[in-house]
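What the coordinates show
If you want the building blocks of each chain, they are given just below.
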Amino acid sequence: MKAVVAIPVRDEETAIRSCLDALLRQRDHRGHPLASFTFGIVVLFNNCTDCSVAVAEACLCGAGVPFVLSDVRLSPDRANAGTARRLAMDIAALWIERSGQSDSLLLTTDADSQVPNDWVMRNLEALKNGSRAVAGRARLDTDAQEGLPSKLLRRVGLEDAYEARLAKLAARLDPLAHDPWPNHRAASGASYAVTLDAYRAIGGLPNIPCGEDRALTRALERQDILIRHAPDIVVLTSARLRGRAQGGAADTLRARCEDPDLPSDPSLEPVALAARRFSWRRRLRLLHGWGDLGRKASWRTALQLPEEAGEWAEEPHFGSFWAHVEDASPRLAPHALRPSEIRPQIAAADMMLSHWDQSASRQSRR
């Protein structure tokens, strides 16, 4: 096998068939069906009380793709999305190890999501630039699910537009060879892939009740494990307002319906703060790579860091060092925008990016 897909499930009898059917339609780069045993599927049922197990079994039996179905009963304090995904991915990792193909890719998606027909191949191809993890994107299926308020849909579009500008800004100020523009800044359990060795290096999926996808990104980054944020890997996911996971996407959508001007994700920060963050990240990344952090202390003063920040310079991984800096510097403290504040920030980002593009164009003509 080249890959194993891990899917956590909690009472998804109406959605799991579409999820699995999409996986069973996987094609190679020529549009041909993937050969048998190219990939396997692990489905972990987390305290299901409906017919999810029977639906999944009927869908997979005889389909020609190897699979594992695990029906578990977790205690109330563990019956959450994060634990279920971790268990599913742990089973998939063990399957890969026992198959003797340790170079296989470990993927995960959600039971209420549908991956594109070339999802497995695109994730495998995204590793060719040296990355050991691939973050795809999730797009709301607003047609197939319950209707969402128009204000919420406009907000989603506005946030996506600003997120794209911040991603482009990061690519300008802190370019990464393994993750070139175009890229994105999202981390979604609906589409994530990681090599087995990288998964083991971080000790598996962080063991938290929710938000495990972002925690996975942070854990990989702390170990300097390269992540490709692939903009061409897009998974369709439900836009329902009543989900199965507490603190999940459905809860977020519902909260934003109830309070249209609820602050956005902290990653959607003011453009000036984002530019400062990306610029300092690039500068300190270079100093860390050159081994100059200990000799040049001006960064500690400029970022208003405590005296012990000098000890962080000894961190072997830049990602771990940078996590300390972000957590401690008041100049990099998160500042979440409200939707009503985003349009002016989009205009400011466009102006900044246009200025740099024009400067780059003038330099190229010299």
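Everything in this summary refers to the structure shown in the same document.

Definitions and limits used
Residues numbered from 1 in each chain as written. Predicted model: local features only at pLDDT ≥ 70, side-chain atom pairs only at ≥ 80, totals over all residues. Heavy atoms only, no water. Axes fitted to C-alpha atoms, helices over the stretch in contact; angles between N-to-C directions. Helix = DSSP H or I, 4+ residues; strand = E, 2+ residues; numbered from the N terminus. Parallel < 35°, antiparallel > 145°, perpendicular 65-115°, else oblique. Left-handed = near helix turned anticlockwise from the far one by under 90°. Contact = heavy atoms within 4.5 Å. Patch = residues over 30% accessible without salt bridge, like charges linked within 9 Å, V, L, I, M, F, W, Y side chains within 5 Å. Areas by Shrake-Rupley, 256 points an atom, 1.4 Å probe, with all protein chains shown as cover. Salt bridge = Lys/Arg side-chain N within 4 Å of Asp/Glu carboxyl O. Lys, Arg positive; Asp, Glu negative; His and termini not counted. Charge placed at Lys NZ, Arg CZ, Asp CG, Glu CD. Buried < 20%, exposed > 50% of the residue type's maximum accessible area, 1.4 Å probe, protein only. Pairing = 2+ DSSP bridges.

Across the interface, helix H1 (residues 16-24) lies against helix H2 (residues 52-60) with an axial gap of 9 Å and an inter-helix angle of 25°. What the angle tells us is that H1 and H2 run roughly parallel. Crossing handedness for the pair H1 and H2: right-handed. Contacts from Ile16, Arg17, Leu20, Asp21 and Leu24 in H1 reach Ser52, Val55, Ala56, Ala58, Cys59 and Leu60 in H2.

Glancing now at a negative patch on the surface. On the surface, Glu307, Glu308, Glu311 and Glu314 cluster together into a negatively charged patch. Take Glu314: it is sitting in the loop between helix H11 (309-312) and helix H12 (318-328). Here Glu314 falls in the exposed class, since its relative accessible area comes to 65%.

For the rest of this paragraph, the subject is the sheet that holds strand E4 (residues 105-108). Whether parallel or antiparallel, the strands of a sheet pair through hydrogen bonds between backbone atoms. The strand order across the open sheet formed by 8 strands is E3-E2-E1-E4-E7-E6-E8-E5, and the pairing between neighbours is mixed. Only two strands of the sheet have a single neighbouring strand rather than two, namely strand E3 (67-72) and strand E5 (113-114). With respect to the sheet, helix H3 (residues 81-99) is in contact with strand E1 (3-9), strand E2 (39-46), E3, E4 and strand E7 (192-195), its orientation differing from that of E2 by roughly 145°.

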